[in-house]
Every structure is written in structure tokens, then in C-alpha cells.
Amino acid sequence: CLRGLFNTQKSDEKDLVLSIFNASIYFGTSYSLLIDKYEPFLGFFFALGALIYLICAYAISASNKEDRFGVYALGGIGLVLITLAIPIQLSSNWITIAWAVESLLLAWIGFQLKSYYIRVFSSLVLIVTAIRLIFYDIKIFDSLTNYQIIFNERFITYLIAIIAMFSIAYLYNKHRDELKEEEKQVPVAIGIAANLF
């Protein structure tokens, strides 16, 4: 981060790989060392790390606009860490809900900053959310004993995910003039998925 702030040189692919490797080793080791005694706080630890990386990415983008690899490396690591913090800190259907909301926020930020890569990451998080809806959240109930038709965990989880999907599709349609060619079908795909869910 400091190198990107005070050095006018641009980062290259080697710096990108080194940044990812460094973050992977640090947070992987930290997780294995802290899991036994500090499990309730690990999600916050990862979220704090994500915040630091995102602040560094923003600072570099403001001071050294040419250093795109530095911004993408630090920003990408920050987004991955916040995505990992969710299942580490939360449990059950709250993971799906948090990922759905994160995907919507990233899509909105992606359009506000006109960042194709943030929108791509938003789509990846949404895909993971959909996979979780299909393979995990559909099985929240083991039996129909005392089953509530509405206002149960699965209903609320699906409702929030569906609202997030329709909202993302709306954002893509609203900003259709800014989309790259490969993004043109994204709102259609998300709309179909939302209707299926």
C-alpha cells in the first residue's frame, strides 16, 4: 500500500501475484492460529482486514491513477476478505442473506464508480448466493412439524435474495448504455433466476 502511495511507478503482474500470495498466507495462518480461542471474533478480524485493503486501494487510486494493478490487487483482496468474513462470522441462512445484500451493494457501487470489475465480482457473489439457495437454504426444514407457511427462515431468506436479484437487474437496465457487450444479457439472466426462485 505504502509503495503504491509514495512511488509513481506502476505495479505489474508480479506485484499482483505477490499481494495475493501475501494476503493468503497471512489470513490463512491467522485463521488457523486464532480459530480455537477467538472464533466469535474471526469474522470481524477478516472484515477489518478487508477495510484496510479497500482503504489502501482507494488511496492509491486517488494518488496514483496509473497504478491499475495495485488498485485491482488491493481492492480485489478486500472484496474477497469481506465475502469470506460473512460465512466465518454468521451462520445458517444469515450467510445467504448477507451475500445477497453484498451482491446488490457491489452492483450499485460498480455503477456509481463505473467499474466493470466490481460489477463482475458482484455477479460472482450473486452466483454463490444462488448456489447456496439451491443446495442449502431449500433444506432448512427437516420436518413439517409446527411449520409456518410465511415468516419462516427460508421464506425470509428467499424473499431478500429475490429482492436483491430484481434490484440488480433494475440497476443493469437503468445503466444499460454503460454496459460492455458481455454484460448485456446479465439483467435477463438475473431476472429469470429471480422469477425461478
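Residues numbered from 1 in each chain as written. Predicted model: local features only at pLDDT ≥ 70, side-chain atom pairs only at ≥ 80, totals over all residues. Heavy atoms only, no water.

1. With respect to the overall build of the protein
Moving on, step 1. Helix and strand counts for the protein stand at eight helices and zero strands.
Moving on, step 2. When the elements of the protein are put in sequence order from the N terminus, they spell out α-α-α-α-α-α-α-α.
Moving on, step 3. Looking at the protein as a whole, 38% of its 197 residues are labelled buried.
Moving on, step 4. Contacts in the protein between residues far apart in sequence, at least 24 positions, make up 64% of those at least 6 positions apart.
Moving on, step 5. Put simply, the protein shows about 12,400 Å² of open surface, and 67% of that area lies on carbon and sulfur atoms. (Helix = DSSP H or I, 4+ residues; strand = E, 2+ residues; numbered from the N terminus. Buried < 20%, exposed > 50% of the residue type's maximum accessible area, 1.4 Å probe, protein only. Contact = heavy atoms within 4.5 Å. Areas by Shrake-Rupley, 256 points an atom, 1.4 Å probe, with all protein chains shown as cover.)

2. Structural notes on the pattern of salt bridges
Moving on, step 1. Under the defined criterion, the tally for this structure stands at three salt bridges.
Moving on, step 2. Put simply, Glu183 and Arg119 hold a salt bridge, and the shortest N to O gap is 2.8 Å. Highlighted residues: Glu183 in the loop between helix H7 (153-174) and helix H8 (186-196) and Arg119 in helix H6 (residues 116-135), separated in sequence by 64 residues. In terms of burial, Glu183 and Arg119 fall into one category: buried. (Salt bridge = Lys/Arg side-chain N within 4 Å of Asp/Glu carboxyl O.)

3. With respect to H7
Moving on, step 1. Given a rise of 1.5 Å per residue, 22 residues ought to cover 32 Å, and the 32 Å separating the end C-alpha atoms of H7 matches this to within 8%.
Moving on, step 2. Of all the positions in H7, only Thr157, Tyr158, Ala161, Ile162, Ala164, Met165, Ile168, Ala169, Leu171 and Tyr172 are classed as buried. (Expected span 1.5 Å × (residues − 1).)

4. Considering unusual backbone geometry
Moving on, step 1. For Lys114, which is not a glycine, the phi torsion comes out positive at approximately 55°.
Moving on, step 2. Position of Lys114 among the secondary structure elements: in the loop between helix H5 (93-112) and H6.
Moving on, step 3. Using a relative accessible area of 61% as the deciding quantity, one classes Lys114 as exposed.

5. Notes on the packing of aromatic side chains
Moving on, step 1. By the definition in use, this model includes ten aromatic pairs.
Moving on, step 2. Judged by centre distance (5.3 Å) and plane angle (50°), the rings of Phe27 and Phe46 are tilted. One end of the pair, Phe27, is in helix H2 (residues 13-38); the other, Phe46, is in helix H3 (residues 42-63), and 19 residues separate them in sequence.
Moving on, step 3. Of the residues examined, Phe46 reaches a relative accessible area of 4% and is grouped as buried.
Moving on, step 4. Aromatic side chains Tyr31 and Phe46 sit 6.3 Å apart centroid to centroid with 85° between the ring planes, which places their arrangement in the edge-to-face category. Linking Tyr31 in helix H2 with Phe46 in helix H3, this pair joins segments that are 15 residues apart in sequence. (Phe/Tyr/Trp six-rings, centres within 6.5 Å; stacked < 30°, edge-to-face > 60°.)

6. What about a nonpolar patch on the surface?
Moving on, step 1. Nonpolar side chains collect at one region of the surface, where Val120, Leu124, Ile127, Ile131, Ile134 and Phe135 lie side by side and expose about 560 Å² of accessible area between them.
Moving on, step 2. Along the chain, the position of Ile131 falls in helix H6.
Moving on, step 3. On the basis of relative accessible area, Ile131 is assigned to the partly exposed category, the value being 44%. (Patch = residues over 30% accessible without salt bridge, like charges linked within 9 Å, V, L, I, M, F, W, Y side chains within 5 Å.)

7. Digging into the packing of H5 against H6
Moving on, step 1. Relative to each other, H5 and H6 sit at 160°, their axes nearing to 8 Å. Here H6 runs roughly antiparallel to H5, going by the angle between their axes. The two elements H5 and H6 cross, and the hand of that crossing is left-handed. Of the residues in H6, those in contact with Ile95, Thr96, Trp99, Ala100, Glu102, Ser103, Leu106, Ala107, Ile109, Gly110 and Phe111 of H5 are Ile118, Arg119, Phe121, Ser122, Val125, Leu126, Val128, Thr129, Arg132 and Leu133.
Moving on, step 2. A breakdown of the residues in the contact of H5 with H6 according to their chemical character gives 13 nonpolar, five polar and three charged. (Axes fitted to C-alpha atoms, helices over the stretch in contact; angles between N-to-C directions. Parallel < 35°, antiparallel > 145°, perpendicular 65-115°, else oblique. Left-handed = near helix turned anticlockwise from the far one by under 90°. Nonpolar A, V, L, I, M, F, W, Y, C, P; charged D, E, K, R; others polar.)

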